[in-house]
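Coordinate inspection notes
One letter stands for each residue in the lines below.
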Amino acid sequence: MLIEKIPLSLTKGEHKCSVYLATFCLWSMLARFSVYATPRGGVFIYGSYIIVFLLLYLSKRNLFDKKNTKYFFYVLLPFAFAYSCSYFVNGIMVEATPFLMLFFASTFVLFNDKIKTRALDIFIRYLAIILFLSLIEYLFTIFTGVIFSIGTVHNGNDLIKLTFNNGIFNLFLLYQGDMFRFQSLATEPGLIGTLCGFLIYIVSDIKEYKYAYYIFWISGILSFSLAFYIIAAIQISSKFNFKYIVVIAIICFFAYHYMPDFFEEHIVSRISGDEHGDNRSSVELDFMLAKSFEDGSLWLGNGYRSYDSFVSKGVAGAKPWIYQYGIVAVVLLFISYMYVFIDYSKKKGIHFMSYLIFLFVFTISFYQRQTVDTPYTVIAYFATPCIWMYKKKYRKNLFLV
């Protein structure tokens with residue numbers, strides 16, 4: 001098998017629940033404009049999760065751990081504060097989607113350790129397989145120019161509309177020339193790059209994920225995501241491994257040799273340009289952030305999607321999140337998320353420096369993409385302390401959680 005599963009003993013019910021959670025999180029990565037997506041599919045999928053969770057919680061109590069109840073409130077409260085301020089302070093009601101994602105994020109932490117561990121295990125293994133197949137198709141297209149298109153799809157609005165050829169395992173942006181950034185079936189390459197940067201740190205030193213580790217590295221490099229390159233540099237510097245460095249150097253050499261213009265455009269020019277790598281904001285948003293801070297409104301935010309009135313639409317990442325929900329909300333969010341992770345890691349005996357660097361990586365990923373409540377980020381973040389029990393340095397004291 002391409003990627004082995006970690007050794008873990010589960011009941012039939014726990015296994016089914018793990019598969020369901022992993023599948024749900026994998027689905028959350030699929031671009032909503034892909035031919036594989038269905039209209040209003042998100043409402044149906046999230047609605048089904050709410051029903052499944054309530055049925056399980058009321059009838060299958062052994063799937064949950066009462067000790068995790070406090071984590072439920074730690075995840076829930078900062079978002080509840082942010083959404084309440086949006087409505088009661090600014091008169092703007094938050095739409096349904098953030099509430100649906102919050103329901104998943106806050107309830108995921110309630111499941112017992114075995115379920116969270118296996119769910120992340122399945123998520124990692126099947127994501128690696130999907131990315132492996134995507135890479136084969138992607139490289140074939142790059143070297144031959146042939147796209148096995150199963151449809152043409154669009155993303156955006158009348159102001160900015162992007163058109164893609166939907167391959168079997170990839171989305172290829174039209175009018176981009178002979179070269180494409182790797183994005184598999186995700187909304188954009190940056191999602192793949194940021195998540196792969198996150199995952200290479202999670203799966204390193206776990207022998208069952210040796211091949212997944214390389215797949216995430218290749219996928220991240222070919223996504224030409226600056227976030228991935230920054231996170232990858234942190235990962236390398238935190239653990240010097242000559243073998244990994246040689247393999248990565250070879251991959252980067254060939255990628256740069258065959259795609260010099262892409263490296264120049266998406267990596268080198270971004271670092272050396274006036275923005276110094278920060279393309280997650282705009283002059284307009286920076287001006288409005290400063291203005292909002294001066295008049296005091298930034299403390300509680302300006303309301304849900306208040307940046308939609310900007311010509312630049314606020315771009316993406318932490319800055320528009322802070323603008324709409326405020327400084328207090330983002331501070332509460334980080335305190336809550338970090339407390340849950342640190343408290344959970346201590347209970348698992350994870351070394352302080354391991355999760356300190358991990359939390360730094362998480363902060364970088366948040367700055368790039370405000371996806372702290374999306375299922376694929378939730379499973380990778382909150383289940384990491386469980387799966388780190390299978391790192392090599394913990395194997396002598398390994399117990400089946």
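Residues numbered from 1 in each chain as written. Predicted model: local features only at pLDDT ≥ 70, side-chain atom pairs only at ≥ 80, totals over all residues. Heavy atoms only, no water.

1. A look at the overall build of the protein
Selection criterion: Put simply, DSSP H or I for four residues or longer makes a helix, DSSP E for two residues or longer makes a strand, and each gets a number counted from the N terminus. Type-normalised accessible area, obtained with a 1.4 Å probe on protein chains alone, sets the label of each residue: buried when under 20%, exposed when over 50%, and partly exposed for intermediate values. When checking whether two residues touch, look at their non-hydrogen atoms; a contact exists if any pair is within 4.5 Å. Accessible surface is estimated by sampling points in the Shrake-Rupley manner with a 1.4 Å probe; for residues, cover comes only from the protein chains shown.
Of regular secondary structure, the protein possesses 16 helices and 3 strands. Relative to its 401 residues, the protein shows a buried fraction of 52%. Put simply, of all contacts in the protein between residues at least 6 apart along the chain, 74% involve residues at least 24 apart. Carbon and sulfur atoms provide 66% of the accessible area of the protein, an area that totals close to 18600 Å².

2. Considerations on helix H2 (residues 41-59)
The periodicity of an α-helix, 3.6 residues per turn, causes residues three or four places apart in sequence to face the same way. Stated precisely, the cut-off is as follows: Between the first and last residue of a helix there are one fewer steps than residues, each counted as 1.5 Å, and that sum is the expected span. By construction, the arc corresponds to the directions joining the helix axis to the C-beta atoms.
A rise of 1.5 Å per residue sets the reference length of H2, with its 19 residues, at 27 Å; its end C-alpha atoms lie 27 Å apart and thus fit the reference within 8%. Regarding H2, the residues found buried are Gly41, Tyr46, Tyr49, Phe53 and Leu56. When H2 is viewed along its axis, its buried side chains cluster within an angular range of 115° and face the same direction. Exposed residues on H2 whose side chains face more than 90 degrees from its buried face are Phe44, Ile51, Leu55, Leu58 and Ser59. Against helix H1 (12-27), helix H4 (96-108) and helix H15 (375-382) lie the buried residues of H2.

3. Some remarks on unusual backbone geometry
Most peptide bonds are trans, and most residues other than glycine sit at a negative phi. Phi is positive for Ser184, close to 50°, though the residue is something other than glycine. Within the element layout of this structure, Ser184 appears in the loop between strand E3 (171-173) and helix H6 (189-203). Relative accessible area serves as the criterion here: at 4%, Ser184 is assigned to the buried category. Even without being glycine, Phe224 reaches a positive phi, approximately 50°.

4. Some details on the side chain of Ser336
Here Ser336 is to be found in helix H13 (residues 327-348). Relative accessible area serves as the criterion here: at 9%, Ser336 is assigned to the buried category. Discounting chain neighbours no more than four positions away, the residues touching Ser336 are Tyr74 and Pro78.

5. Regarding the pattern of salt bridges
Side chains bearing opposite charge may pair, as long as their charged atoms lie close to each other. Inclusion rule: Just to be clear on terms, a salt bridge is a Lys or Arg side-chain nitrogen sitting within 4 Å of an Asp or Glu carboxyl oxygen.
By the definition in use, this model includes 9 salt bridges. Here Lys114 makes a salt bridge to Glu14, at a shortest N to O gap of 3.2 Å. On the criterion of sequence distance, the pair formed by Lys114 in helix H5 (residues 113-144) and Glu14 in helix H1 is long-range, its members being 100 residues apart. What makes Lys114 partly exposed here is its relative accessible area of 22%. In this structure, Lys319 and Asp286 form a salt bridge, with 3.0 Å as the shortest nitrogen-oxygen distance. In this pair, Lys319 sits in helix H12 (residues 318-325) while Asp286 sits in helix H11 (residues 283-295), placing the two residues 33 residues apart along the sequence. Beyond isolated ion pairs, a larger network of salt bridges with shared partners links Lys70, Asp343 and Lys347.

6. Regarding the sheet that holds strand E1 (residues 152-156)
The line we're drawing: Strands are treated as partners if at least two bridges between them are detected by DSSP. To get an axis, fit a line to the C-alpha atoms, keeping to the stretch in contact for a helix; angles then go from 0 to 180 degrees between the N-to-C directions.
Strands sit in the order E1-E2-E3 across an open sheet of 3 strands; the sheet is antiparallel. In this open sheet, the two edge strands, each paired with only one partner strand, are E1 and E3. Strand-to-strand twist across the sheet, computed as the mean angle between neighbouring axes with direction ignored, equals 40°. The pairing of strand E2 (residues 161-166) with E3 spans 3 bridges and is classified as antiparallel. Bridged to Asn166 within E3 is Leu171.

7. Some details on the confidence of the model for the protein
Where we set the bar: As a per-residue measure, pLDDT reflects the predictor's confidence and takes values from 0 up to 100.
The predicted model of the protein has a mean per-residue pLDDT of 85, with 84% of residues at 70 or higher. The spread of mean pLDDT over the elements of the protein runs between helix H10 (residues 260-272), the lowest at 60, and helix H3 (residues 69-88), the highest at 96. Note on residues 395-401: pLDDT is under 50 here. Beyond four places in sequence and across chains, it has 18 contacts.

8. Some thoughts on the pairing of E2
One face of the sheet, then the other: side chains in a regular strand alternate in exactly this way. Note: E1 against E2, 5 bridges, orientation antiparallel. Looking across to E2, one finds that Gly156 is bridged to Lys161. Joining the antiparallel neighbours E2 and E3 is a turn of 4 residues.

9. Side note on a nonpolar patch on the surface
We count it as follows: A patch consists of residues exposed above 30% relative accessible area that lack any salt bridge, with like charges linked at up to 9 Å and nonpolar side chains (Val, Leu, Ile, Met, Phe, Trp, Tyr) linked at up to 5 Å.
Together, Tyr87, Phe88, Val89, Met93, Phe99, Phe293, Trp299 and Leu300 make up an exposed nonpolar region whose accessible area comes to about 850 Å². Structurally, Phe88 can be placed in helix H3.

10. Details of the packing of H2 against H4
For clarity, the threshold we go by: Put simply, a crossing is left-handed when the front helix is turned counterclockwise from the back one by less than a right angle, and right-handed when it is turned clockwise. Three categories are distinguished: nonpolar for Ala, Val, Leu, Ile, Met, Phe, Trp, Tyr, Cys and Pro, charged for Asp, Glu, Lys and Arg, and polar for the others, with Gly belonging to the last.
Put simply, H2 and H4 touch, their axes get as near as 10 Å, and they point 35° apart. Our pair here, H2 against H4, has a crossing hand that is left-handed. Packed against H2, whose contacting residues are Tyr46, Tyr49, Ile50 and Phe53, the element H4 presents Leu100, Met101, Phe103, Phe104, Thr107 and Phe108 at the interface. When the residues that make up the contact of H2 with H4 are grouped by side-chain class, the tally is 9 nonpolar, 1 polar and no charged.

11. Structural notes on the layout of surface pockets
Rolling a probe over the atoms, with the probe sized like a water molecule, indicates the empty space that remains. Note the threshold: Grid points spaced at 1 Å and placed over the protein atoms alone form the basis of the search, with a cavity being a set where a 1.4 Å probe fits but cannot get out and a pocket an open set showing protein on both sides within 12 Å along at least five of seven lines. Lining residues have an atom within 4 Å of a point. Grid points are joined across faces, edges and corners, and a volume is the space filled by probe spheres set on the points.
Of the pockets and cavities examined, the second largest pocket occupies roughly 310 Å³. Taken together, 16 residues line the second largest pocket, and the ones lying closest to its centre are Leu26, Met29, Leu30, Ile130 and Leu185. Listed by contribution, the elements that provide at least two residues to the lining of the second largest pocket are H1 and H5. Examining the composition of the lining of the second largest pocket, we find that 4 residues originate from one element, H5, more than from any other. Across the lining of the second largest pocket, the residue classes break down as 14 nonpolar, 2 polar and no charged.

12. Description of H4
Taking 1.5 Å per residue, 13 residues should reach 18 Å; H4 reaches 19 Å between its end C-alpha atoms and fits that length. Of the positions making up H4, those classed as buried are Pro98, Leu100, Met101, Leu102, Phe104, Ala105, Ser106, Thr107 and Phe108. In this structure, the buried side of H4 is in contact with H1, H2, H3, H5 and H15.

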